[in-house]
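Coordinate inspection notes
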Amino acid sequence: MEPSPIADLKFETALAELEAIVAGMEGGRLELEDSIDAYKRGMALMQHCQAQLTAAEEQIRIIENGQSRSVDRNTLEAQ
């Protein structure tokens, strides 16, 4: 089965696939050619995820009217 086109993947789906690729490569379960293909797909997934995060950050900046606020991670984790 062919993998889904990366451009069509939601962030969470792309990240889960990237994590699975990394686990497979770290586990040494892939042949050399499969490792190369997995690395290429993983890089594309990483770029896709980064682009989605960048777009989300821009939306947040727009929503906050350009005002940057400091975020306390401890407060977020407690919620």
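Throughout what follows, the structure given in this document is the object of discussion. (Residues numbered from 1 in each chain as written. Predicted model: local features only at pLDDT ≥ 70, side-chain atom pairs only at ≥ 80, totals over all residues. Heavy atoms only, no water.)

1. Things to note about the overall build of the protein
In terms of regular secondary structure, the protein is built from three helices and zero strands. Listing the helices and strands of the protein from first to last along the sequence gives α-α-α. In the protein, which comprises 79 residues, the share counted as buried stands at 16%. Considering only contacts in the protein between residues 6 or more positions apart, those separated by 24 or more positions represent 71%. About 6,700 Å² of surface is accessible on the protein, with carbon and sulfur atoms providing 54% of the total. (Helix = DSSP H or I, 4+ residues; strand = E, 2+ residues; numbered from the N terminus. Buried < 20%, exposed > 50% of the residue type's maximum accessible area, 1.4 Å probe, protein only. Contact = heavy atoms within 4.5 Å. Areas by Shrake-Rupley, 256 points an atom, 1.4 Å probe, with all protein chains shown as cover.)

2. Remarks on the packing of helix H1 (residues 11–26) against helix H2 (residues 32–63)
The angle between the axes and the distance between the axes are what describe a pair of packed helices. Taken N-terminus to C-terminus, the directions of H1 and H2 make an angle of 150°; their axes are 9 Å apart at the nearest point. Here H2 runs roughly antiparallel to H1, going by the angle between their axes. Regarding H1 and H2, the two cross each other, and that crossing is left-handed. Facing Phe-11, Ala-14, Leu-15, Glu-17, Leu-18, Ile-21 and Met-25 of H1, the residues of H2 in contact are Ser-35, Ala-38, Tyr-39, Arg-41, Gly-42, Leu-45, Met-46, His-48, Cys-49, Gln-52 and Leu-53. Class assignment for the residues of the contact of H1 with H2 results in twelve nonpolar, four polar and two charged. (Axes fitted to C-alpha atoms, helices over the stretch in contact; angles between N-to-C directions. Parallel < 35°, antiparallel > 145°, perpendicular 65-115°, else oblique. Left-handed = near helix turned anticlockwise from the far one by under 90°. Nonpolar A, V, L, I, M, F, W, Y, C, P; charged D, E, K, R; others polar.)

3. Section: a negative patch on the surface
Taken together, the side chains of Glu-31, Glu-33, Asp-34 and Asp-37 make up a negatively charged region of the molecular surface. Within the fold, Asp-34 resides in helix H2. (Patch = residues over 30% accessible without salt bridge, like charges linked within 9 Å, V, L, I, M, F, W, Y side chains within 5 Å. Salt bridge = Lys/Arg side-chain N within 4 Å of Asp/Glu carboxyl O. Lys, Arg positive; Asp, Glu negative; His and termini not counted. Charge placed at Lys NZ, Arg CZ, Asp CG, Glu CD.)

4. Side note on the side chain of Arg-41
Tracing the chain through its elements places Arg-41 in helix H2. Here Arg-41 is in contact with Pro-3, Ser-4, Ile-6, Leu-9, Glu-17 and Ile-21, once residues within four sequence places are set aside.

5. Digging into the environment of Cys-49
Relative to the assigned elements, Cys-49 resides in helix H2. On the basis of relative accessibility, which here comes to 5%, the residue Cys-49 falls in the buried class. In the structure, Cys-49 is positioned 34 residues away from Leu-15 in sequence and 6.9 Å away in space, judged by C-alpha atoms. Filtering out sequence-adjacent residues up to four positions away, Cys-49 remains in contact with Phe-11, Ala-14 and Leu-15.

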